[in-house]
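Chain residues, written in single-letter form:
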Amino acid sequence: MTLTQDSGTESRPVPEGHVRLTIDGIEVDAPKGEILIRTCERLGIIVPRFCDHPLLSPAGACRQCLVEVELGGRPMPKPQASCTMTVADGMVVKTQHTSKVADKAQQGVMELLLINHPLDCPICDKGGECPLQNQAMSGGRADSRFIDRKRTFPKPLPISTQVLLDRERCVLCQRCTRFSDEIAGDPFIELLERGSNQQIGVAQDKPFQSYFSGNTIQICPVGALTSAAYRFRSRPFDLVSTPSICEHCGSGCAQRNDTRRGTVLRRMAGNDPEVNEEWNCDKGRFAFRYLTSTGRITRPLVRGADGALTETSWTEALRVAAEGLLAARAGTLPVAATTAETPLELAEGVEEPAEVVEVVEPKEPPKGIGVLAGGRLTVADAYAYAKFARLAGHTNDVDFRVRAQSSEELEFLAAHVVNTSPEAGGVTFTGLEHAPSVLCVALDPEEEAGTVFLRLRKANRHRGLRVFHLGQWTTPSVAKTNATLIPAVPGTEPTVLAQLGSEVLDVLGQEGSVLLVGDRAAEVPGLFAAVAELAGRTGAKIAWVPRRAGERGALDAGAVPTLLPGGRPVTDAGARAEVAEAWGLSGADELPAEPGRSTVEILAAAAAGELAGLLVGGVDPYDLPDPEAALAGLRAAPFVVSLELHESAVTELADVVLPVAPDVNRDGSYLNWEGRIREFGVTLREPGMLADCRVLDTLAVEMDIDLFTQTPAVAAAELRRLGQGSVIGTGVHATSGTAEPAVPGDGQAVLATWRQLLDVSSLGVDEPHLAGTARAPEARVNKSTAARLGLTEGQPAVVATERGAVSLPVRLADLPDGVLWLPAHAPGSRVGPTLGAGHGDLVTVTAGGN
Amino acid sequence: MATQPLTPVLTRRWLSPHSWTRETYERLEGYQALHTVLVGRAGGEGPAHPDQLIQLVKDSGLRGRGGAGFPTGMKWSFIPQGTTGPAAKPHYLVINADEGEPGTCKDIPLMMADPHSLIEGCIITSYAIRANFCAIYVRGEALHCIRRMTAAVREAYDAGYLGKNILGTGFDLDIVVHAGAGAYICGEETALLDSLEGRRGQPRLKPPFPATAGLYAAPTVVNNVETIASVPAIVAGGSEWFRSMGTEKSPGPKIYSLSGHVEKPGQYEAPLGTTLRELLDLAGGMKDGIPLKFWTPGGSSTPLFTVEHLDVPLDFEGAAAAGSMLGTTALMIFNETVSVPWAVMKWTEFYKHESCGKCTPCREGCYWLLQILERMVAGEGTETDIDTMLDVCDNILGRSFCALGDGAVSPITSGIKYFRQEFLDLCKAQPAVPRPDQLDDLVGAQS
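Since this is a predicted model, take the numbers as computed values, not measurements. (Residues numbered from 1 in each chain as written. Chains lettered and ligands numbered in written order. Predicted model: local features only at pLDDT ≥ 70, side-chain atom pairs only at ≥ 80, totals over all residues.)

S.K.: How would you explain the overall build of chain B if you had to name every residue and give the values?
M.R.: Helix and strand counts for chain B come out as 17 helices and 10 strands. In terms of C-alpha radius of gyration, chain B reaches 23 Å, essentially the compact-globule figure of 22 Å for 447 residues. In terms of principal-axis extent, the alpha carbons of chain B reach across some 80 × 45 × 35 Å. When the 447 residues of chain B are sorted by exposure, 56% land in the buried category. (Helix = DSSP H or I, 4+ residues; strand = E, 2+ residues; numbered from the N terminus. Rg over C-alpha atoms; globule rule 2.2 N^0.38 Å. Buried ≥ 20, exposed ≤ 12 C-beta atoms within 10 Å, placed from the backbone.)

S.K.: Tell me what's going on with the overall build of chain A, and back it up with residues and numbers.
M.R.: Scanning chain A for helices and strands turns up 27 helices and 38 strands. Projected onto its principal axes, the C-alpha positions of chain A cover 100 × 70 × 55 Å. Within chain A, the proportion of its 850 residues that are buried is 55%.

S.K.: I'd love a proper account of the pairing of strand β34 (residues 805-812) of chain A, names of residues and values included.
M.R.: Residue and element names in this part refer to chain A. Here 3 bridges tie strand β32 (residues 779-781) to β34, and the two strands are oriented parallel to one another. Paired with V781 across the strands is L812, a residue of β34. For strand β33 (residues 796-800) and β34, the ladder comprises 5 bridges, and the chain directions are antiparallel. Bridging across to β34, V799 finds its partner in V806. (Pairing = 2+ DSSP bridges.)

S.K.: Which residues make up the domain arrangement of chain B, and what values go with them?
M.R.: Residue and element names in this part refer to chain B. Domain assignment breaks chain B into domain 1 (22-243), domain 2 (253-335) and domain 3 (340-435). Once you take the C-alpha centre of each, domain 1 and domain 3 turn out to be 37 Å apart. Across the contact, 9 residues belong to domain 1 and 8 residues belong to domain 3. Tallied by class, the residues present in the side of domain 1 that touches domain 3 amount to 6 nonpolar, 2 polar and 1 charged. (Domains from an automatic or database assignment. Contact = placed C-beta atoms within 7 Å. Nonpolar A, V, L, I, M, F, W, Y, C, P; charged D, E, K, R; others polar.)

S.K.: Lay out the confidence of the model for chain B in plain terms, naming residues and giving numbers.
M.R.: For chain B, per-residue confidence averages 94 on the pLDDT scale, and 96% of positions sit at 70 or higher. The ipTM value of the predicted complex is 0.94, and its pTM value is 0.94. (pLDDT = per-residue confidence, 0-100.)

S.K.: Explain the environment of S513(A) residue by residue, including any values.
M.R.: All names here are of chain A. For S513, the position within the fold is in the loop between α17 (502-508) and β22 (514-518). S513 sits 28 residues away from K541 along the chain, and the two C-alpha atoms are 6.3 Å apart. Those residues in contact with S513 that lie beyond four places of it in its chain are A435, P436, S437, V438, L508, T538 and A540.

S.K.: How would you explain the nonpolar core if you had to name every residue and give the values?
M.R.: Of all hydrophobic cores here, the largest spans 380 residues; its most connected members are Y385(A), V441(A), V531(A) and L820(A). The element contributing the most residues to this core is helix α14 (residues 360-377) of chain B, with 10 residues. With near-sequence residues (within four places) excluded, Y385(A) lies in contact with V371(A), A373(A), L377(A), V398(A), A559(A), G617(A) and L696(A). (Core = buried A, V, L, I, M, F, W, Y, C linked by C-beta atoms within 7 Å.)

S.K.: I'd like a rundown of the sheet that holds strand β2 (residues 131-138) of chain B, residues and numbers included.
M.R.: All names here are of chain B. In space, the 5 strands of this open sheet follow the order β3-β4-β2-β1-β5, with mixed pairing throughout. Sheet topology places β3 (163-166) and β5 (220-224) at the edges, where each strand pairs with a single neighbour. On average, adjacent strands in this sheet sit at an angle of 25° to one another, irrespective of strand direction. Relative to strand β4 (residues 171-179), β3 runs antiparallel, the two being bridged by 2 bridges. Pairing of G163 across the sheet is with L173, part of β4. Of the strands in this sheet, β1 (91-97), β2, β3, β4 and β5 are in contact with helix α6 (residues 115-129), which crosses β1 at around 150°. Relative to the sheet, helix α10 (residues 225-243) contacts β1 and β5, its axis offset from that of β5 by approximately 95°. (Axes fitted to C-alpha atoms, helices over the stretch in contact; angles between N-to-C directions.)

S.K.: Can you tell me about the pairing of β5(B), naming the residues and giving the values?
M.R.: Residues and elements named next belong to chain B. Most of β5 is tucked away, with 5 of its 5 residues classed as buried. Bridge analysis of β1 against β5 gives 5 bridges, and the strand direction is parallel. Within β5, the position partnered with L93 by the bridge is V221.

S.K.: Now, about helix α11 (residues 407-417) of chain A: what can you tell me, with residues and values included?
M.R.: In an α-helix, one turn spans 3.6 residues, which is why side chains three or four residues apart end up on the same side. Residues and elements named next belong to chain A. Counting buried residues along α11, 9 of its 11 residues qualify, which places the element largely inside the surrounding structure. Within the sequence span of α11, burial applies to E408, E409, L410, E411, F412, L413, A414, H416 and V417. Phi turns positive one or two residues past the end of α11, at N419, with a value near 75°.

S.K.: Residues and numbers for the interface of chain B and chain A, please.
M.R.: Across the contact, 25 residues belong to chain B and 28 residues belong to chain A. Looking at the side of chain B that touches chain A, the elements that each hand over two or more residues are α13 (340-354), α14 and α15 (383-396) of chain B. Take the side of chain B that touches chain A: its biggest share by element is 9 residues, from α14(B). Class assignment for the residues of the side of chain B that touches chain A results in 8 nonpolar, 10 polar and 7 charged.

S.K.: Can you lay out unusual backbone geometry for me, pointing to particular residues and giving the numbers?
M.R.: The amide bond that connects K155(A) to the next residue, P156(A), takes the cis arrangement and shows omega of -20°. Positionally, P156(A) belongs in the loop between α4 (131-139) and β7 (157-158). Of note, the amide linkage connecting K206(B) to P207(B) takes the cis form, showing an omega dihedral of -5°. Topologically, P207(B) is positioned in the loop between α8 (189-196) and α9 (210-213). One non-glycine residue, Q174(A), adopts positive backbone phi at about 70°. You can see Q174(A) is positioned in the loop between β8 (163-165) and α5 (175-184). Residue classification places Q174(A) among the buried positions, given that 24 C-beta atoms sit within 10 Å.

S.K.: Before we move on, could you go through the sheet that holds strand β12 (residues 240-245) of chain A and cite the residues and values that matter?
M.R.: Residues and elements named next belong to chain A. The antiparallel open sheet is built from 3 strands, whose spatial order is β12-β13-β14. Both outer strands of the open sheet, β12 and β14 (263-269), are each paired with one neighbouring strand and no more. For this sheet the average axis-to-axis angle between neighbouring strands, irrespective of direction, equals 30°. Bridging between strand β13 (residues 254-260) and β14 involves 6 bridges; their strand directions are antiparallel. Residue R256 lies in a different strand from β14, and its bridge partner there is M268.

S.K.: Pulling in residues and values, what's your account of the environment of G848(A)?
M.R.: Residue and element names in this part refer to chain A. Relative to the assigned elements, G848 resides in the segment after β38 (842-847). Taking the C-alpha atoms as reference points, G848 and A136, separated by 712 residues in sequence, lie 60 Å from one another. Ignoring sequence-local partners within four residues, the contact set of G848 consists of Q795, P796, A797, V798 and S807.

S.K.: Outline α14(B), listing residues and values.
M.R.: Residues and elements named next belong to chain B. Its 18 residues give α14 an end-to-end C-alpha distance of 25 Å, which sits within 8% of 26 Å, the value for a rise of 1.5 Å per residue. Counted residue by residue, α14 has 15 buried out of 18 residues, so it is predominantly covered. Phi turns positive, to about 80°, at G379, one or two residues after α14. (Expected span 1.5 Å × (residues − 1).)

This is the structure in structure tokens:
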């Protein structure tokens with residue numbers, strides 16, 4: 001039997017592009033160019049290693065992975081590092097399992113690594129999950145022959161507010177420096193000194209400011225790098241680990257939640273080669289303290305007769321909410337009953353609401369419900385909001401967009417985005433990696449989708465991907481992907497796209513090219529249409545990368561005014577019929593056929609006294625282009641139900657507040673920008689913490705309607721059964737009445753603005769160490785504009801509108817003339833709330849005092 | 001083989017007045033070889049084809065003088081030539097003048113006394129490998145040498161030997177004299193290239209080798225000063241003449257640097273294969289007649305020799321056959337007054353200080369070995385320490401990233417091999433307190 005098999009192996013041809021070698025007596029075929037240590041892994045032979053990492057370039061520094069190699073029948077004189085040697089035909093490899101030399105070499109290196117290691121495992125964060133500890137236990141000496149002085153360093157060295165370095169634990173494998181240099185492009189940490197004094201360090205006054213610094217902690221094979229957030233908080237063996245999906249951006253990175261006694265203590269990047277590989281950004285890793293912040297809402301609240309919110313039972317809260325919404329739908333709400341009693345600290349501009357209501361009394365009383373779903377919902381929740389709006393609200397007034405928005409955008413999403421997925425041949429992370437070129441429009445990948453940035457950088461470094469960037473200045477994103485900036489004055493982006501030269505068009509015309517468009521494109525009228533037109537002209541594929549985790553899922557789940565689930569247009573009777581059947585309705589006419597209103601329109605209608613009820617799901621009014629108008633709508637709406645994690649500006653204006661479960665307390669899924677389903681399970685079971693879909697289901701039952709969204713799984717299954725519609729949108733029309741781009745006068749500039757990864761955000765609260773690694777808020781202009789406006793680099797610029805003013809230090813950059821860039825939501829620079837202006841608006845600029 | 005009477009080749013101009021000037025150099029047949037190569041012999045054959053030069057150097061059997069003895073012509077022929085792929089990139093010649101091996105003192109004197117021979121060699125070599133840029137990486141501490149080399153390069157530019165259209169032949173070459181920052185590791189060719197590129201000098205992973213991806217990832221030849229300075233002589237004298245010196249496998253002349261307890265330390269040019277006994281004759285014998293105890297054939301990284309090895313022919317094969325290496329032919333000679341453990345400790349101090357830190361065995365091993373040796377020399381060692389040292393050496397030798405680690409253990413293993421008793425004696429004493437006086441005894445004769 002064995003003999004037969006053996007002779008079979010003899011005659012087996014080596015597959016094309018492979019070589020045949022023998023490792024520990026096992027014959028194996030390996031693809032040409034494979035690193036020996038990977039071939040060993042595939043055979044289940046684990047060669048110990050420290051510096052080796054499959055996603056980093058080989059270093060050969062630690063020498064832990066030495067094996068004996070025979071090449072061409074001749075043994076190589078020295079043991080070879082299997083992490084740097086590529087396989088070759090006829091190679092005979094003996095690892096520590098079959099070679100005394102390899103075993104001795106590995107034990108020798110291990111002993112040497114430990115002579116200067118403090119062996120403080122009992123107090124080290126890494127103890128229990130430490131490659132050094134594990135490999136020392138499995139392949140090291142039981143005792144040390146080293147009786148001399150260990151090299152010591154003062155500890156720890158903060159290399160940023162978030163990352164701490166214990167130099168004496170470091171084995172100098174260079175994983176962290178290679179990661180920062182190769183993967184993130186932030187080479188702020190480097191080896192210093194030499195010999196036994198060699199150490200990792202940062203330059204003076206230049207901390208390790210990288211959005212991806214946390215990955216170095218995770219890949220550190222010892223406890224040299226620790227995070228301020230987790231240091232000394234727990235031991236690995238006391239943690240319970242649960243796979244999860246990051247809730248922060250549209251990338252949908254795989255993560256892992258590590259909890260102890262009901263608290264999330266840290267989060268790690270998960271390994272998903274198709275999506276985030278093994279990396280995540282620092283926001284995903286560290287921004288989880290909102291879970292335990294004091295502002296969390298954990299009990300239902302109902303506004304009493306005294307105007308104050310008081311805790312109550314779920315039963316009571318749901319009854320009040322259902323009655324209010326039913327009355328709002330019917331237009332029978334006792335008008336002004338709640339509004340008048342709402343404390344209106346913020347409402348200086350709104351005079352005596354009661355009187356306002358009385359003034360409009362001759363008009364039709366407010367009637368109907370608007371649903372503001374917010375951009376951070378899971379797929380099941382978004383579906384529940386979408387279904388709730390149609391079945392309980394009898395309306396298409398449902399929208400997930402809490403930001404700049406346009407009808408052009410909805411047409412674009414319906415025509416080019418909804419229903420796209422990796423299975424349907426849509427753009428994927430891997431597609432980006434293999435694309436010949438990518439054009440980013442209204443998207444700064446590093447700020448708005450970190451892992452997209454990492455993949456673009458990887459593709460540029462390894463495959464020569466050409467990246468173009470339609471934007472205003474050479475941001476770190478642009479520089480680190482070696483991108484070509486296509487500069488555009490805010491507002492002129494569509495024109496610039498229409499007039500792209502052949503040197504760009506030719507590259508974009510190559511098969512597989514991608515146009516990555518961010519949700520910010522909605523700020524520029526005509527930009528979505530221009531992107532669609534460019535895609536048609538070049539054949540490049542379109543991918544929409546929204547900044548929030550829930551937006552793509554909400555789109556496909558039908559939480560939009562024009563689309564039902566699966567991209568079905570509400571105006572199409574056939575599409576409505578499909579949905580009606582699935583929802584157990586008698587026919588298409590049971591679903592509203594008129595396109596609904598957008599978030600801004602819903603709030604405007606409420607402000608105008610036309611809408612009676614608002615169902616709000618985790619919305620921050622300050623994210624809208626005109627927060628004042630949004631707040632006015634919320635104030636004017638007679639009945640507001642808010643489903644929230646945290647106290648917010650909506651809480652103060654709501655009549656019923658229903659707490660919802662954060663991701664760690666529930667299961668669910670996100671749809672990332674690729675359209676890939678990213679499922680996650682419950683990390684911590686917390687009684688009383690209910691998912692939005694469950695809350696809505698119960699609320700609907702109180703309104704005598706069945707949503708059948710009791711659990712995320714049930715809701716997702718129904719959505720899946722619905723599938724995608726047979727009718728989808730086709731064309732994109734530029735928003736009519738496109739205004740001419742603003743031309744700055746004396747003392748004026750055109751504002752360019754977008755958000756940064758780390759800024760003032762509701763999910764970033766209570767994490768000062770992370771906030772400390774944010775980029776300094778600075779106003780950016782070019783040299784000649786600075787001169788024209790009388791600005792000096794490093795000195796403050798005061799950027800003002802009629803609403804207010806922002807003052808930030810000036811930093812020169814390569815912006816177009818007359819353009820000034822501000823971070824949209826940074827400390828001291830909250831553009832929307834303070835200025836009431838946005839991308840493309842005119843602002844006045846003056847030099848601030850010292 | 002009797003001592004061959006030597007007509008100096010590399011050092012022939014060293015004693016001439018102002019030997020470092022272009023004027024002296026040209027008067028003593030300098031830049032004639034360059035003319036021959038680029039323009040052709042007067043009334044004879046035309047200019048040489050680069051491939052002819054590579055063949056000539058191959059035929060001469062010239063081997064690298066930096067320590068490893070790699071055949072120079074073969075190294076040049078590894079540079080891809082053509083117009084596609086890596087060959088299409090610019091080619092570079094880099095001169096390793098980072099002479100740092102303890103005891104070695106040949107490149108710096110050569111550059112001080114006869115810089116133009118190196119420059120002429122650089123031009124011919126660059127022409128042969130089709131390079132238009134050459135960098136001479138000089139040890140940063142050798143300031144005087146850097147100045148002299150820079151001045152010589154300027155003279156060569158002024159005379160039209162460097163720059164555009166050299167000697168009207170259309171060949172262009174720029175030479176830059178680059179000062180290192182004083183790191184032993186930067187004598188390792190890939191670390192040197194990193195340093196030259198402005199990075200931290202640490203050895204690179206090989207492959208790719210410098211011949212395909214060296215300086216700025218372009219095809220690069222890295223050669224030692226003495227190697228390249230030999231090239232004009234080969235062009236002038238031919239490969240047969242060159243082979244008439246030295247041995248079959250190690251032909252040509254070599255500068256031996258003798259230091260330590262000899263009457264007249266200094267640089268002695270002799271054919272490869274010359275023995276220490278012969279060199280001692282040239283250098284006036286052992287200082288004050290105190291007998292020889294141990295010596296290094298090629299710097300501290302080559303295992304020690306003793307009086308037994310006085311007649312070992314000092315060529316690549318001879319030194320290897322006797323258990324050491326030819327290295328840089330830096331003969332450090334110690335008489336009977338010097339303690340081997342002490343000398344080994346001092347060398348280990350050097351390696352511990354100069355280990356670059358990249359790989360574990362060398363970085364941690366040298367740190368450990370030095371502490372053991374310091375303890376032994378202070379009289380606090382034990383017999384076990386000797387075995388531990390040998391085992392640690394075994395864990396460094398052949399396990400480190402580059403040859404620095406291998407070199408670092410040579411003095412220790414060879415010292416224990418030949419003089420184990422001295423190490424044992426230090427342990428046996430085991431005084432209760434360290435003896436400060438003992439240290440002076442171990443150092444040996446000072447003047």
